[in-house]
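Summary of the model geometry
The primary structure of each chain is shown beneath.
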Amino acid sequence: MLQDKKILLGITGSIAAYKSILLTRLLVQAGADVKVIITPAARDFVSPLTLSTLSHNKVLSALFEEDSWSNHVMLGRWADLMLVAPATGNSIAKMAAGLCDNLLLATYLSATCPVLVAPAMDEDMWHHPAMVRNLDALTSFGNLILPVGKGELASGLIGDGRMAEPENIINVISDTLSAKRDLAGKKVLITAGPTYESIDPVRYITNHSSGKMGFALAADFARRGADVHVVSGPTQLTTQHRNITVTTVRTAAQMCEACEAIFDSVDIAVMAAAVADYTPVAYSPHKVKKQGDNLVIELTRTKDILKSLGQQKIKQVLVGFALETNNEREFALQKLISKNADMIVLNSLNDAGAGFGHDTNKITVFHRSGAEVSFDTKSKSSVAKDIVDLIVKMLP
């Protein structure tokens, strides 16, 4: 499965480091050539002797040791894949900031291969806004974040934050290394995030979209070799991936204009943004002051981007999203036909872990052919892979 693949395993100072012993053994059994780097803190949790015995290679820890220099540049270029497991909150923060005060971090910054990160920490740390920001940063760099498990934690609490199990990590490594660049040469347009429709210089109409689904799709398309153009509404997300270009817009009209400008040149278009259906008829150049108990704002329809592209499409595969709260299947099928789309991805706010603001999603996909495919709740990166897999099957 991983015969002769060169795997660089980085271990940081977490109690979950005990899982890395089994992980090393499984990698070697699968035929991989494994080199292990541990941080100084990791030595308190796992023995270098154990890891060197299992990996059949010397365990590396220090940038400088006995008048010799550990060549982190060559290590980063040697590997087919780098895995940091477990990755503590501290190490994740340093990776996101580009710090390199130990050999593992210096090698991470030198890595030219895919990088997988398996976080491990307590639930409160996992959900802290700083951690969310740091993980988003790593994702934007093109790194793959493995989902954490839920269960008993070192603190004694029950919750999110457990490092992924070694067997599952092996499967992800295998999938990552065997992934085909089946979209090389293809051009993809993706919309992401919300739009802002201004009432005055202070207030606007919007929704709760974070943009995570759109950016996860962009990352998977790029991983498979596509040239990706993201048209994004206001969001905290960014990406540094060399195959992804981002155009930022604010309003539905601006998003529509940006999409129509490049639609003729793309092979695939995925409209994942939550675009405002209405915008104020009149914009006040000054802040609207309180006048009486009621305020009436007249709204007018925005241009339907998905429908517009559906009318223009010639050879493109066009995919839309439908977020519904009732009659979900009926509305999704109506959208599929009325917008001349090839596929509609349905989210229901009635499903736990789906919709705005979550790191997970639960989807049902409707094809123009009449096929219907449902998926369980997964991380948005996994959902993105499922969607891209389906799109690839639709290509000529």
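Data block above holds the structure.
Residues numbered from 1 in each chain as written. Predicted model: local features only at pLDDT ≥ 70, side-chain atom pairs only at ≥ 80, totals over all residues. Heavy atoms only, no water.

1. Some thoughts on the overall build of the protein
Each helix and strand in the protein was counted, giving 13 helices and 23 strands. On C-alpha atoms alone, the protein measures out to a radius of gyration of 23 Å, which is about the 21 Å that the 2.2 N^0.38 rule sets for 396 residues. Along the longest, intermediate and shortest principal axes, the C-alpha atoms of the protein span 75 × 55 × 35 Å. Burial statistics for the protein: of 396 residues in total, 49% are counted as buried. Of the contacts made within the protein by residues no fewer than 6 positions apart, 68% connect residues no fewer than 24 positions apart. When the accessible surface of the protein is summed, it comes to about 19,100 Å², and 51% of that surface belongs to carbon and sulfur atoms. (Helix = DSSP H or I, 4+ residues; strand = E, 2+ residues; numbered from the N terminus. Rg over C-alpha atoms; globule rule 2.2 N^0.38 Å. Buried < 20%, exposed > 50% of the residue type's maximum accessible area, 1.4 Å probe, protein only. Contact = heavy atoms within 4.5 Å. Areas by Shrake-Rupley, 256 points an atom, 1.4 Å probe, with all protein chains shown as cover.)

2. Thoughts on the packing of helix α1 (residues 18–29) against helix α8 (residues 166–178)
As a packed pair, α1 and α8 sit with axes 9 Å apart at the nearest point and diverge in direction by 45 degrees. Considering their axes alone, α1 and α8 lie oblique with respect to each other. Every pair of crossing elements has a handedness; the one defined by α1 and α8 is right-handed. Seen from α1, the contacting residues are K19, L22, L23, L26 and L27; seen from α8, they are P166, E167, I169, I170 and I173. In terms of residue class, the contact of α1 with α8 is made up of eight nonpolar, no polar and two charged. (Axes fitted to C-alpha atoms, helices over the stretch in contact; angles between N-to-C directions. Parallel < 35°, antiparallel > 145°, perpendicular 65-115°, else oblique. Left-handed = near helix turned anticlockwise from the far one by under 90°. Nonpolar A, V, L, I, M, F, W, Y, C, P; charged D, E, K, R; others polar.)

3. So, helix α9 (residues 212–223)
With twelve residues, α9 extends 16 Å from end C-alpha to end C-alpha; this agrees with the ideal 16 Å at 1.5 Å per step. Those residues of α9 lying buried are K212, M213, G214, F215, A216, L217, A218, D220, F221 and A222. Two residues or fewer past α9, G225 is found with a positive phi of approximately 100 degrees. (Expected span 1.5 Å × (residues − 1).)

4. What to know about the environment of D4
Note that D4 resides in the segment before β1 (6–11). Expressed as a C-alpha distance, the spacing of D4 and G31, which sit 27 residues apart in the sequence, is 5.8 Å. When sequence neighbours within four positions are dropped, the list of residues in contact with D4 reads G31 and D80.

5. Notes on the sheet that holds strand β15 (residues 268–271)
A sheet is described by the order of its strands in space; here eight strands give the open sequence β14-β13-β10-β15-β18-β19-β21-β22, paired in mixed fashion. The open sheet terminates on both sides in strands that have one partner only, identified here as β14 (244–248) and β22 (372–374). Direction aside, neighbouring strands of the sheet carry axes that sit 15 degrees apart on average. The pairing of strand β18 (residues 317–324) with strand β19 (residues 343–348) spans six bridges and is classified as parallel. Residue pairing in the sheet places G320 in a bridge with I344 of β19. (Pairing = 2+ DSSP bridges.)

6. Some details on the sheet that holds strand β2 (residues 33–38)
Across the sheet, which stays open at both edges, the five strands sit in the order β2-β1-β5-β6-β7 with parallel pairing between neighbours. In this open sheet, the two strands that pair with only one neighbour each are β2 and β7 (144–145).

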